[in-house]
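# Structural characterization, general
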Number of protein chains: 2
Amino acid sequence: MAMSSNRFDPDFTKNVIEAIGPACPPRSRFVLSKMIEHIHDFAREVELTADEWMAGVKFINTCGQISDAKRNETHRISDIIGLESLVDEIANKHLSETGEAPTSSTILGPFWSPNAPFRENGSSIIESPHQGQVSLMHGRVIDLDTKKPIANAVVDIWEASSNGKYDFQDPENQVDNNLRGKFRTNDNGEYHFYCLKPTAYSLPTDGPAGVLLRLFDRSPWRPAHIHLMITHEGYKPVITQIYPKEDPHLVDDSVFAVKPDLVVDFKPRKDDPKAELDLEYNVFLAPKAHKGETSQTTSTQANL
Amino acid sequence: MAMSSNRFDPDFTKNVIEAIGPACPPRSRFVLSKMIEHIHDFAREVELTADEWMAGVKFINTCGQISDAKRNETHRISDIIGLESLVDEIANKHLSETGEAPTSSTILGPFWSPNAPFRENGSSIIESPHQGQVSLMHGRVIDLDTKKPIANAVVDIWEASSNGKYDFQDPENQVDNNLRGKFRTNDNGEYHFYCLKPTAYSLPTDGPAGVLLRLFDRSPWRPAHIHLMITHEGYKPVITQIYPKEDPHLVDDSVFAVKPDLVVDFKPRKDDPKAELDLEYNVFLAPKAHKGETSQTTSTQANL
């Protein structure tokens, strides 16, 4: 705690925490007490002024006001300050401590859609015109323990188009579910589909995220990436992103979501009239009851 | 820092802070770096789950979405977690360390209006029907150093009606600026006007504040209070609230804004057909250039 904390009422934070009533569930009490402690310590350490506090209040209100079913600005602010990436690290640490590491996860981001259609292996997720390079993406989903293929796993993929926009940000140029799709692995654990080599884009800077990034004097750019969510009822799900190795924004991703093992190599593809590039990407999933552990969700359920 | 922090990447928070660019103003860099540190430490200490983080994101979005020109839910959430009261303590500590303490301040709350009309001393701020007790409130505004009266100080007062609602929450029953007014002190530093003995009320619980208070298992009630903002160009302003001594919610104020010296005694008033109660309340203001100090605002300007 900063030296200056001593100048203030030593009981105030304790009083606010002790006001929590007996019916507050234990996990909520713990999380909210720590939240109050950190917010109060922050205010005391920086000697937050009334003007600064009110600027923060207004900023938070603008995040909700610009958000809707297709835009989640508070999610985006979380990403800019590294919070989603940290929450992912915490969850992933729980997994990796139980044994060998499965495929690295990274942040979900605000562009996943629950409505992506199931498509057949070998088909394309490209439904609207674009300026990008078509790639065949293929690989296997593998059991981390047995190294055997996992049949019937779902590979959910979503990516921005060559203009850097997702379908629901760009209804004039893209049909719904352009560059989105779910694929099931076959008996050999294999999936394959046509997609675009991804394109780098800037976060939207017309709202609070732009205000904060300008104040931070930071770049709003993300490296090009493909989002993936790989699930199977017997395995812990993996949410991740993969990045072409030559992207210049790997080193200054505005949402701190790049990890070394998520950087991939798109290679030239020969003799395929449908694609000029080829990407092989294999995924390792940890069984849900990995080495005697029970499902993670029981111990980390949200009470908030 | 909690033991569990060690399990996570020790460089992650440093990397996020060091991404701040050279053009970020020094005060903003300091405040935002501490904010990032505390948010990250909080997440690591409670091992925040993805579900809990997303519940928080949604909660913050709902605060902005329910807020408008007449409702500021993020301000209210700040009050419920004690933040506005703490920010007030920090500012007040700066004042009191420069000499004798002026009248205690407390939180502004979300119901102040910039549009309150100037009224004549001796007039009433009551313009709409009510079930309350009319009181004459009177007193002097006094220089903390010289103990001499301050002429031409502005006493800005606002209070809820006997149904616990402020004018702009209650357009069906109250005209604009009912129970609001600004008064100037005379040459003897005196003000006097008719108002209502205040009525306790519950914070609105139909939005995120209600969600949080129910989760906290805490009362949404505030003790009855009158808001005051006392200003004069030569003095540091005081924003405060006063509370009738018999109010049962003095001990569990939902926004942690009660201080012992703000509790007042409404007495019976005789021989005044306009009022059944009498309240004397004197205010002490500290000169702006108090004991060689310059105006506080120069050193605490908001950069955010």
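How each quantity is defined
Residues numbered from 1 in each chain as written. Chains lettered and ligands numbered in written order. Predicted model: local features only at pLDDT ≥ 70, side-chain atom pairs only at ≥ 80, totals over all residues. Heavy atoms only, no water. Salt bridge = Lys/Arg side-chain N within 4 Å of Asp/Glu carboxyl O. Buried < 20%, exposed > 50% of the residue type's maximum accessible area, 1.4 Å probe, protein only. Least-squares fit on C-alpha atoms with pLDDT ≥ 70 in both. Domains from an automatic or database assignment. Pairing = 2+ DSSP bridges. Helix = DSSP H or I, 4+ residues; strand = E, 2+ residues; numbered from the N terminus. Contact = heavy atoms within 4.5 Å. Buried area = accessible area lost by both parts, 1.4 Å probe. Polar contact = N/O pair within 3.5 Å; in protein donor to acceptor, adjacent residues only side chain to side chain. Phe/Tyr/Trp six-rings, centres within 6.5 Å; stacked < 30°, edge-to-face > 60°. Lys NZ or Arg CZ within 6 Å of the ring centre and 35° of its normal. UniProt positions renumbered as here; feature names shortened; annotations may be inferred. Expected span 1.5 Å × (residues − 1).

With that settled, consider the pattern of salt bridges. All names here are of chain A. Tallying each qualifying case throughout the model produces 32 salt bridges over all chains. Here Glu73 and Arg71 are joined by a salt bridge, their closest N and O atoms 2.9 Å apart. In terms of burial, Glu73 and Arg71 fall into one category: buried. Via salt bridges that share partners, Arg71, Glu73, Arg76 and Asp206 belong to a single interconnected network.

Right, let's get into the relation of the copies chain B and chain A. Placing chain B over chain A gives an RMSD of 0.0 Å and needs a rotation angle of 180°, together with 0.0 Å of translation along the axis. Look at the turn and shift together and you get a two-fold axis relating the two. Of every C-alpha in chain B, the one belonging to Gly64 of chain B sits nearest the axis of rotation, 2.0 Å from it.

The next point concerns the domain arrangement of chain A. When its domains are assigned, chain A resolves into domain 1 (11-48) and domain 2 (98-203 + 216-285). Measuring from the centre of the C-alpha atoms in domain 1 of chain A to the corresponding centre in domain 2 of chain A gives 40 Å.

Let's shift gears to the sheet that holds strand β8 (residues 235-244) of chain A. Residues and elements named next belong to chain A. Taken together, 5 strands build an open sheet; the order of strands is β3-β2-β7-β8-β9 and the sheet is mixed. Since the sheet does not close on itself, it has two edges, and those belong to β3 (180-184) and β9 (263-264), each with one partner. For strand β2 (residues 154-158) and strand β7 (residues 226-232), the ladder comprises 5 bridges, and the chain directions are antiparallel. By the bridge assignment for β7, Trp158 is matched with His227.

Another point: the interface of chain B and chain A. With 75 residues of chain B in contact, the opposing surface of chain A contributes 75 residues. Counting each side, the surface lost to burial between chain B and chain A is near 6900 Å², with a carbon and sulfur contribution of 69%. Counting the surface chain B buries against chain A, the share from its top three residues, His38, Trp53 and Leu215 of chain B, is 10%. Of the charged contacts, one joins Arg27 of chain A and Glu52 of chain B as a salt bridge, the two residues approaching to 2.7 Å between their closest N and O atoms. Summed over the shared surface of chain B and chain A, the number is 33 residue pairs in polar contact (both at pLDDT 80 or more). Looking at the side of chain B that touches chain A, the elements that each hand over two or more residues are α1 (12-18), α2 (26-46), α3 (50-66), α4 (73-80), α5 (83-96) and α6 (208-216) of chain B.

Residues and elements named next belong to chain A. Tracing the backbone through its elements, the reader meets Thr103 in the loop between α5 (83-96) and β1 (134-143). Side-chain polar atoms of Thr103 contact the backbone nitrogen of Phe284, separated by 2.8 Å. Not counting residues within four places of it along the chain, the set of residues in contact with Thr103 comprises Val238, Tyr281, Asn282, Val283 and Phe284.

Residues and elements named next belong to chain A. Counted according to the given criterion, the structure contains 13 aromatic pairs over all chains. Taken together, a centroid distance of 4.2 Å and an interplanar angle of 15° make the contact between Phe111 and Tyr166 stacked. Taken as a pair, Phe111 in the loop between α5 and β1 and Tyr166 in the loop between β2 and β3 lie far apart in primary sequence, 55 residues in all. Take Phe111 and Tyr166: they sit in the same class, and that class is buried. Between the aromatic rings of Phe111 and Phe168, the centroid separation amounts to 6.2 Å while the plane-to-plane angle is 35°, which identifies the pairing as tilted. Note that Phe111 is positioned in the loop between α5 and β1 and Phe168 in the loop between β2 and β3, a separation of 57 residues in sequence. The exposure class of Phe111 is buried, given its relative accessible area of 4%. Looking at Phe168, the relative accessible area reads 19%, which means it is buried. Three or more aromatic residues joined by ring pairs make a cluster, and in this case those are Phe111, Tyr166, Phe168 and Tyr201. In this arrangement the basic side chain of Arg218 is found over the ring face of Phe216, its NZ or CZ atom lying 5.0 Å from the centre.

The subject of this paragraph is the UniProt feature "domain: Intradiol ring-cleavage dioxygenases" (unreviewed entry) in chain A. Sites flagged by UniProt as "domain: Intradiol ring-cleavage dioxygenases" (unreviewed entry) map to residues 108-286 of chain A. Along residues 108-286 of chain A one finds 5% helix and 33% strand; the C-alpha atoms at either end are 19 Å apart.

Here α3 of chain B is 17 residues long and its end C-alpha atoms lie 25 Å apart, about the 24 Å a rise of 1.5 Å per residue gives. Every buried residue of α3 of chain B is listed here: Glu52, Trp53, Met54, Gly56, Val57, Phe59, Asn61, Cys63 and Gly64 of chain B.

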